[in-house]
Amino acid sequence: MKLWFRRVFVGAMVLGAILGSLLGTRGLNQALISTRDLYRVDTAGSQMESDLEYETQESRRAFVYALAVTDPNDQLPYVAAARGASRRVGETLNRLRMLGVPEISADVETFERTWNKYDQARDQIMARILEGNSAAAMRVEFERGQPAFARALESLHALKAGLEVRGRADSVRVNSTLWRSIGGLAAFVLSTLLILGLLIKANRSRRQALESLHATNAALDAAREMERERASILELVSTRAALSRTLEKIVALASRCHLEAGAAVWTGNAGEAHFHVAANLPQGLSEALKLHPPPSSGPDGWEEFRGYSGKLAAAFGFEASPAKELREASGERIGMLQMFAPAGRAVDWQATLDQMAQLAAVAIENSLLYERLAFQAQHDTLTGLPNRLLFQDRVQQASRVALRHGKKAAVIWLDLDKYKQINDTLGHRVGDEVLCEVARRLQRCLRQSDSVARVGGDEFTVLAPELAQPEDAERVAATILSAFTPPFQLASHQTNLTASLGISMFPEHGEDPITLLRNADLAMYSAKRAGGGTFRMFRSALSDSMQRQVLLEQELKTALEHNELRLEYQPLLDRNGRLDGVEALLRWNNPEAGQVSPMEFIPIAEETGLISSIGEWVTQTACRNAARWLQLGYDVPLIAVNVSALQFTDGKFTALVERILRECGLPPSRLELEITETALMDNLEGVVEQIELLRRLGVRFAIDDFGTGYSSLSHLQNLPVDIVKIDRSFIKDLQPGAVGCTTLVRGIIALAHNLGLQVVAEGVETAEQLALLNTLGCDLNQGFFLHRPMSVEALEELLRAKRPRTEPAEDLSESELIPSASPA
Amino acid sequence: MGHILRLIAALLAAAMLHYAADPAAAFAAVVHPSNATRDLHLRDLTSLFEGANRQWPNRSGVVLVERDAGSAPFRYLMGRLLNTTPGEYKRSLQNIEYRGETPVSIKILNSDAAACQYVFNVPSAIAIVETASLALPACGGIQVLRIDGKLPGEEGYRLK
């Protein structure tokens, strides 16, 4: 029903009720008035009639009695009675008059008049009787009394008739007003009933609305409570509270939402899942759920488990909800949640189950995340082995145990031999496979109580606790080495790998993890220097040299960043003493190690792989300087830069040189790259191709330290080089009279010339050597006798003094430069 | 014996007191309100009660209302107003009747209230009652006559 219609209807009903009540009340009032009038008139009439009859009797009795006695003392009471009756008649007449009934007023007056005449007659009669004159009294009675009484009686009858007429009229009026009032009251009652009905209905609606509101409020309260619980649970999660505590709070939500409901949580993936926590369940059901083995890992594992838990719940008079799988963001199953309630309760599981499942999934996922992070913080991600941090902690614990039990413990540092080559040649993926296989082999060959850790790229450490003597540690090291005997099958490759091991003993070689590890590392260096594939026990004598080695290795890693490297240049002069080229020589000045010889740090750089970045820096710096000199207008000689064979191994060297030349704006023809004979011959196949590419650009190549390696002279004709640099060991012994050496140098020079190669003599330190070399036809000479290595500034000074130019780089043609790379 | 004599002496004293008019008491003559007579001379009143005058001016016969013997009004009537005794008074009234004259109508009532009530009902009646009884309800509707122009309580009123 529309609201406006209801309002109009209610208004009409209210109006009807008011009108009905007014009409009814008015009619009832009129009926009451009429009834009252009727009653009054009837009563008055009856009273009048009875008064008259009484007076008649009194009058007659007084008359007879007065006649019967003679003593006035006896007569007077009768006289008084007669007078009293007369007075009451008068009073009744007055009451009748006061009724205000117009229909009988004339009759009242008539009756009063006739009655007064009778009263006068009676007074006369009574006076005669009192006087003792009975005869006169009788005479008056007959003459006046009786006629007056008869007239009074007649008028009384007329009055009664008038009263009856009035009574009938009042009855009719009463009836009509009664009917009207009944109609009005009926309307009032009907309207009131309708209003009451509407009010009852409205009240019911209001009550329903209130109940609904209360229900909504209760739901809102529950939602707020749930939200508070959610917030507190999420706070527990964020504060890394114990998972059990958090899950207990989550499953407790079941009973908060449904008083008699409980819940249980299993954590883990199928096959590994286990009962974690339950709340508000019978003890037996909880224990039974706990004892049940985890669901199988198959696709239907969880489904089967749900069926089982449902049957179990039924045995305890409970009903199980549909199980809710818990999954982490990646979709991985991390658990299951199920609600239980006494059978027969109509519990709406879904909303509660969803909320609980969401919270439980967050809590478990968060817990797993923390576990993973904690694991990652202490483990190597590639091999899963403990990292240095955890290893140190285990060494600490092992040393305490050893101290307590009077035992020893060994820390073994293991470094793979030539692992870098595998990594560089076969790629990092294969390198990672190697590391994983090494980790597996180490774990297999060691005792349960031993610990293996990966502490660096190809560095592993082993903790062998509870040893009786150092020989036990050596046996462990031997076992480890034997684990490397079988070849490593790496994808399509099969390779043999060895390792260098260093051993330090607790407590002899250190009492703290850091010292033990450092000494094991130093011992490992000793093993490495011994050729690898073996182990060494730490000795104090090793300490100094090895420590310097370790120091240099560590410092070299930051040398570039700290600008500790610089270049010096040693000029190369032709037979006429003219500057024909300069060789860039790398110098390292370390604050702690001082001036370090390239002979000392280049092998370290090669071993640690730093040679690539250092080589790039050298090439780039030399080219940039040469280009600057060109810009300054100097007659820039050939710039010779030493290259390690390892720089060629990653296959990117060609592109690197090309890029540097382009960026610096140096013509490739001004760059000479020197590679040692040994390095070249070791990697002939891989290097030659790249050399060819660079030579095509215009870059010149020289064989450095020629004569010290194992190359066959016959190979020389096949090497893609332009220059042969005779090793200083030949030049040192070159002097007049030294026939063998002179013959050898002459041969090299002749051979080179025949092959069209230029020859440079290194290490020229005397005038005799220079003269002889000139005689032998050596093209260029380099050595202290001619020029010591000099700084950039000194070389620039030299360039300025020897060949000043007026027009900068005017003879450089565009074709000499490597064009810039196209934007594409 | 002495006791009996003392008792007889007390009864005689009481009787003497009973028949002696109270010298402090006052009396009133009352008539019907319709009676035209408002004032009487004391001798006319005496004449009415002696039976010498037996009609009112309207020629209606006078009805004398007297109290019973022994009452104060009767003693006053006998001792002070008529100066006679009850026996003498009765004989004088009988003489009137023996003479063939209209007999005197006398009504003896046993209280002032009854006397008043009688006067109220009989227009030609006249009664002598104590002035103290005028306050009774029964004496409400009657007329008190002036005696020699004086009403009871006024200076010089003679019915006392």
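Above this text you will find the structure in question.
Residues numbered from 1 in each chain as written. Chains lettered and ligands numbered in written order. Predicted model: local features only at pLDDT ≥ 70, side-chain atom pairs only at ≥ 80, totals over all residues. Heavy atoms only, no water.

Describing the pairing of strand 4 (residues 105–109) of chain B
All names here are of chain B. Every second residue of strand 4 is oriented toward a common face, the buried set being Ser-105, Lys-107 and Leu-109 and the non-buried set Ile-106 and Ile-108. Note that strand 3 (residues 63–67) and strand 4 share five bridges and pair parallel. Across the sheet, residue Glu-66 finds its bridge partner in strand 4, namely Ile-108. (Buried < 20%, exposed > 50% of the residue type's maximum accessible area, 1.4 Å probe, protein only. Helix = DSSP H or I, 4+ residues; strand = E, 2+ residues; numbered from the N terminus. Pairing = 2+ DSSP bridges.)

Focus: the interface of chain B and chain A
With 14 residues of chain B in contact, the opposing surface of chain A contributes twelve residues. It is Lys-107, Tyr-118 and Asn-121 of chain B that lose the most area in chain B upon contact with chain A, and together they represent 44% of the buried surface on that side. Summed over the shared surface of chain B and chain A, the number is zero salt bridges. Our enumeration of links across chain B and chain A arrives at seven residue pairs in polar contact (both at pLDDT 80 or more). Here the side of chain B that touches chain A gets five residues from one element, more than from any other, and that element is helix 5 (residues 112–121) of chain B. (Contact = heavy atoms within 4.5 Å. Buried area = accessible area lost by both parts, 1.4 Å probe. Salt bridge = Lys/Arg side-chain N within 4 Å of Asp/Glu carboxyl O. Polar contact = N/O pair within 3.5 Å; in protein donor to acceptor, adjacent residues only side chain to side chain.)

Concerning the packing of helix 9 (residues 388–405) of chain A against helix 13 (residues 513–529) of chain A
Residue and element names in this part refer to chain A. As a packed pair, helix 9 and helix 13 sit with axes 9 Å apart at the nearest point and diverge in direction by 110°. As far as their axial angle goes, helix 13 and helix 9 are roughly perpendicular. Of helix 13, the residues touching helix 9 (which contributes Phe-391, Gln-392, Val-395 and Gln-396) are Pro-513, Ile-514, Leu-516 and Leu-517. Here the contact of helix 9 with helix 13 is built from residues that sort into six nonpolar, two polar and no charged. (Axes fitted to C-alpha atoms, helices over the stretch in contact; angles between N-to-C directions. Parallel < 35°, antiparallel > 145°, perpendicular 65-115°, else oblique. Nonpolar A, V, L, I, M, F, W, Y, C, P; charged D, E, K, R; others polar.)

Considering the pattern of salt bridges
Residues and elements named next belong to chain A. Evaluation of the coordinates by the stated rule reveals 40 salt bridges over all chains. Among the ionic pairs, Asp-779 bridges to Arg-575, the shortest N-O distance being 4.0 Å. Of this pair, Asp-779 sits in the loop between helix 23 (767–776) and strand 21 (780–781) while Arg-575 sits in the loop between strand 13 (565–574) and strand 14 (579–590), placing them 204 residues apart in sequence. For Arg-575, a relative accessible area of 44% corresponds to the partly exposed category. Here Lys-725 makes a salt bridge to Glu-762, at a shortest N to O gap of 3.7 Å. Of this pair, Lys-725 sits in strand 19 (residues 723–726) while Glu-762 sits in the loop between strand 20 (758–761) and helix 23, and the two are 37 residues apart along the sequence. One exposure class covers both Lys-725 and Glu-762, and it is buried. Taken together, the shared-partner salt bridges in this structure form one network comprising Arg-83, Asp-119, Arg-122 and Asp-123.

Some words on the sheet that holds strand 11 (residues 499–506) of chain A
Residue and element names in this part refer to chain A. Strand order in the open sheet formed by five strands is 7-8-6-11-12, and the pairing between neighbours is mixed. Pairing within the sheet leaves two strands with one partner each, and these edge strands are strand 7 (451–454) and strand 12 (535–537). Averaged over all neighbouring strand pairs, the angle between strand axes comes to 20°, with direction disregarded. Pairing of strand 11 with strand 12, which is carried by three bridges, proceeds in the parallel orientation.

Quick word on a positive patch on the surface
Residue and element names in this part refer to chain A. Taken together, the side chains of Arg-6, Lys-201, Arg-204, Arg-206 and Arg-207 make up a positively charged region of the molecular surface. Top contributing element to the positive patch by residue count: helix 4 (residues 134–238), with four residues. With respect to the element layout, Arg-207 can be found in helix 4. Here Arg-207 falls in the partly exposed class, since its relative accessible area comes to 42%. (Patch = residues over 30% accessible without salt bridge, like charges linked within 9 Å, V, L, I, M, F, W, Y side chains within 5 Å. Areas by Shrake-Rupley, 256 points an atom, 1.4 Å probe, with all protein chains shown as cover. Lys, Arg positive; Asp, Glu negative; His and termini not counted. Charge placed at Lys NZ, Arg CZ, Asp CG, Glu CD.)

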